[in-house]
Amino acid sequence: MDKKHKTLGEFIIENQSSFQYSSGELSKLINAIRLAAKVVNHEVNKAGLIDILGAAGDTNIQGEDQQKLDVLANEKFIQTLKNREIVCGIASEEEDDFISINSQDEQHQNKYIVLIDPLDGSSNIDVNVSVGTIFSIYRRVTPVGTPVTIEDFLQPGDNQVAAGYIVYGTSTMLVYTTGDGVNGFTLNPAIGTFYLSHPNMQFPETGKIYSVNEGNYIHFPQGVKDYIKYCQQEEGDRPYTSRYIGSLVSDFHRNMIKGGIYMYPKSSKASEGKLRLLYECNPMAFLAEQANGKASDGKGRIMELKPTELHQRVPFFCGSTKMVEKAEEFIANAL
Ligand code: AHM
Ligand code: MG
């Protein structure tokens, strides 16, 4: 079959043997995420009809309560993963604590855990701007046959076996890595099939786009302020272009294709920034590195950090290698 017309299902089967752990479980897990993505996509696409179909908190015609989309996305992903009995634990940005899953016939026999941000950037939904789902997959570290513990979730990003995102944009795309490059698949909504549209995605080594919430400028550390001024100076290929959607998945996706840097620094208002290490930064960092890019907390690699809590926040600088290195240089020089 023409490579261009390969479906995600075919791609998963073909690449199963090259997965780091090739028992077939990881393939099943990615298939489950593919399925949940289609369900959530369907719901996200209806968001503009909320005034017609009923707003969150209302009761619909069947007497069911309408849910907020981020709550609904959380439920869909958790249910799909639970029903397929392929993971032993899930942690979600929407849940205070992790969920331990015990399959019906076998006690805690599954090896994988999933961390997920079911609908990132959900404040953008009301204004018809792209949102995304971010996921991260690890092997458990505690023995199979016992319930998962917090230790299984607090692993450094370097231990990830797969990570990816779904961007619900002008097209819906699923982009993921299993540690062997990054591939992007576009959904044909008419038939509900993802096709390989962006094989072997790579960040350009450098770029001309910087993405940061400049409204927080006054609160940023001096090194970050200096780097932003550098982006704006007229010299060589500068000034760069400023592009900030306020939806991490979309900003990352654009920068990976065009070349750029995304920044969510710490500030005098938020000492660790805003983004979550486990659900947002680690999966994006894994994708970035697999696509020839870089992800840093301003000082060093995101994926080397040893997490201490489930909902931990961390400053985040991610994108084209040369741009992230330049930002790190300004931060180091200001210390
Ligand atoms: P969320 O998980 O509450 O949706 O927040 C994460 C989002 C990112 O997608 C986005 O890059 C960032 O928050 C925008 O934050 P801000 O509005 O502070 O710039
Ligand atoms: Mg989020």
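All residue numbers here refer to positions counted from 1 along the written sequence of the relevant chain. Whichever chain is written first is A, and whichever ligand is written first is 1; the rest continue in order. The predicted origin of the model limits local features to residues at a pLDDT of at least 70 and limits the giving and counting of side-chain atom pairs to 80 or more, whereas totals for whole chains, interfaces and linings rest on all residues. Water and hydrogen atoms play no part in the side-chain values, which are based on all heavy atoms of the structure.

Further remarks concern the coordination of the magnesium ion (ligand 2). Here the term donor refers to an N, O or S atom within 2.8 Å of the metal (or 3.2 Å for Na, K and Ca), and because water is left out of the atoms, sites may appear incomplete. Of the protein atoms, only E93 (OE), D117 (OD), D120 (OD) and E280 (OE) coordinate the magnesium ion (ligand 2), at distances of 1.9 to 2.6 Å. Sequence positions of the donors to the magnesium ion (ligand 2) reduce to the motif E-x23-D-x2-D-x159-E. Separated by 160 residues along the polypeptide, D120 in strand β3 (residues 112-120) and E280 in helix α8 (residues 277-290) bring together distant segments of the chain. Burial status follows relative accessibility: with a 1.4 Å probe on protein chains alone, a residue under 20% of its type maximum counts as buried, one over 50% as exposed, and anything between as partly exposed. Residue classification places D120 among the buried residues on the basis of a relative accessible area of 7%. The exposure class of E280 is buried, given its relative accessible area of 4%. Secondary structure is summarised from DSSP: a helix means a run of H or I of at least four residues, a strand means a run of E of at least two, and numbering begins at the N terminus for each.

Domain annotation for the protein reports domain 1 (8-200) and domain 2 (209-334). Averaged C-alpha coordinates put domain 1 and domain 2 at centres separated by 24 Å. At the interface, 47 residues of domain 1 touch 31 residues of domain 2. Salt bridge, as used here, is a side-chain nitrogen of Lys or Arg placed within 4 Å of a carboxyl oxygen of Asp or Glu. Inspection of the region where domain 1 meets domain 2 yields one salt bridge. The salt bridge partner of R301 is D158, with a shortest N-O separation of 2.7 Å. For this analysis, a polar contact is any N or O atom pair within 3.5 Å, provided that within protein one partner can donate a hydrogen and the other can accept it, and provided that sequence-adjacent residues contribute only side-chain to side-chain pairs. Counting across the domain 1 and domain 2 interface gives 13 residue pairs in polar contact (both at pLDDT 80 or more). Where the side of domain 1 that touches domain 2 is concerned, the elements lending two or more residues are β1 (87-92), β3, β4 (131-139), α5 (150-153), β5 (162-168) and β6 (172-177). At seven residues, β4 tops the list of elements feeding residues into the side of domain 1 that touches domain 2. Boundaries of every domain are those given by an automatic assignment or by a domain database. The criterion used for residue contact is that any of the two residues' heavy atoms lie within 4.5 Å.

Let us now look at the nonpolar core. In terms of nonpolar packing, the biggest core is built from 42 residues, with L29, L119, I137 and Y176 touching the most fellow members. Broken down by element, this core gets its largest block of residues, nine residues, from helix α2 (residues 25-45). Once residues lying within four places of it in the same chain are set aside, the contact partners of I137 are L26, L29, I33, Y112, I113, V114, Q160, V161 and A162. A163, C281, A288 and I302 belong to the second-largest nonpolar core, a separate cluster that totals 30 residues. Here, the term nonpolar core denotes a set of buried Ala, Val, Leu, Ile, Met, Phe, Trp, Tyr and Cys residues that are joined through side-chain atoms within 4.5 Å.

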